[in-house]
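# Summary of structural features
Residue strings, one per chain:
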Amino acid sequence: MNGDQQRNGIYDNLARLGAHLTEMGDELAALKSQLNVALAQNAELTIENKHLQEAIKKLRDERGEQQLTTGRRTLNELYHQGFHVCRKHFGERLAPHESCIFCDEAIFSGMDGQKGKQE
């Protein structure tokens, strides 16, 4: 009987190992699926970010820095040197390739009403 018990123990261990491997395979498939979703979202956001950066650049070019007052030109220079000029984060460093809509607002707000006015 000892041999039968040992054989049954081996089969039981193999069955448990097989079930565990199946469970791990299912978890791996779920993780792969989640990764694919995250990568797709990342690609979409990267494209959207690129389009927004192009739109911001186009708006900046259309507004033209020559129309800025001396103070706003100074803020714009600080911004292009990598510092926030908005009230919320004033003086903090921008992350590489980061742009801030609040800084743009601080620099370019009211430009339509100031055409021709410079300090």
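### Observations concerning the environment of P96
Inspection of the secondary structure puts P96 in the loop between α2 (70-80) and α3 (101-108). Look at P96 and you get exposed, because its relative accessible area is 71%. Sequence separation of P96 and G82 is 14 residues, and the distance between their C-alpha atoms is 8.1 Å.

### Quick notes on a nonpolar patch on the surface
Taken together, I10, Y11, L14, L17, L21 and M24 make up a surface patch of nonpolar side chains, about 620 Å² in accessible area. Relative to the assigned elements, L17 resides in helix α1 (residues 2-63).

### Points about the layout of surface pockets
Considering only enclosed or pocket space, the largest pocket measures out at about 220 Å³ in volume. Lining of the largest pocket is provided by 10 residues; of these, I56, L59, I101, D104 and E105 occupy positions nearest its centre. Taken together, the elements giving at least two residues each to the lining of the largest pocket come down to α1 and α3. Each residue belonging to the lining of the largest pocket can be placed in one class, and the counts come to five nonpolar, one polar and four charged.

### Details of the nonpolar core
Core analysis: the largest hydrophobic core is formed by nine residues, namely L68, Y79, V85, C86, L94, C100, C103, I107 and F108. Per-element accounting of this core gives the leading share, three residues, to α3.

### Quick look at the side chain of R72
Among the structural elements, R72 can be located in helix α2. In terms of polar contacts, R72 uses its side chain to reach the backbone carbonyl oxygen of I107, at 3.0 Å.

### Re the packing of α2 against α3
Working note: a packed helix pair is described by the angle between its axes plus the distance between those axes. Following both chains from N to C, one finds α2 and α3 inclined at 155°, their axes separated by 9 Å at the closest point. Relative to α3, α2 is oriented roughly antiparallel. At the point where α2 passes α3, the crossing takes the left-handed sense. Counting all contacts with α2, which are made through R72, L75, N76 and Y79, the residues of α3 involved are C103, D104, A106, I107 and F108. Within the contact of α2 with α3, the residues separate by chemical class into six nonpolar, one polar and two charged.

About the cut-offs
- Residues numbered from 1 in each chain as written.
- Predicted model: local features only at pLDDT ≥ 70, side-chain atom pairs only at ≥ 80, totals over all residues.
- Heavy atoms only, no water.
- Helix = DSSP H or I, 4+ residues; strand = E, 2+ residues; numbered from the N terminus.
- Buried < 20%, exposed > 50% of the residue type's maximum accessible area, 1.4 Å probe, protein only.
- Patch = residues over 30% accessible without salt bridge, like charges linked within 9 Å, V, L, I, M, F, W, Y side chains within 5 Å.
- Areas by Shrake-Rupley, 256 points an atom, 1.4 Å probe, with all protein chains shown as cover.
- Salt bridge = Lys/Arg side-chain N within 4 Å of Asp/Glu carboxyl O.
- 1 Å grid on protein atoms, 1.4 Å probe; cavity = no way out; pocket = protein on both sides within 12 Å on 5 of 7 lines; lining within 4 Å.
- Points joined across faces, edges and corners; volume = space filled by probe spheres on them.
- Nonpolar A, V, L, I, M, F, W, Y, C, P; charged D, E, K, R; others polar.
- Core = buried A, V, L, I, M, F, W, Y, C linked by side-chain atoms within 4.5 Å.
- Polar contact = N/O pair within 3.5 Å; in protein donor to acceptor, adjacent residues only side chain to side chain.
- Axes fitted to C-alpha atoms, helices over the stretch in contact; angles between N-to-C directions.
- Parallel < 35°, antiparallel > 145°, perpendicular 65-115°, else oblique.
- Left-handed = near helix turned anticlockwise from the far one by under 90°.
- Contact = heavy atoms within 4.5 Å.

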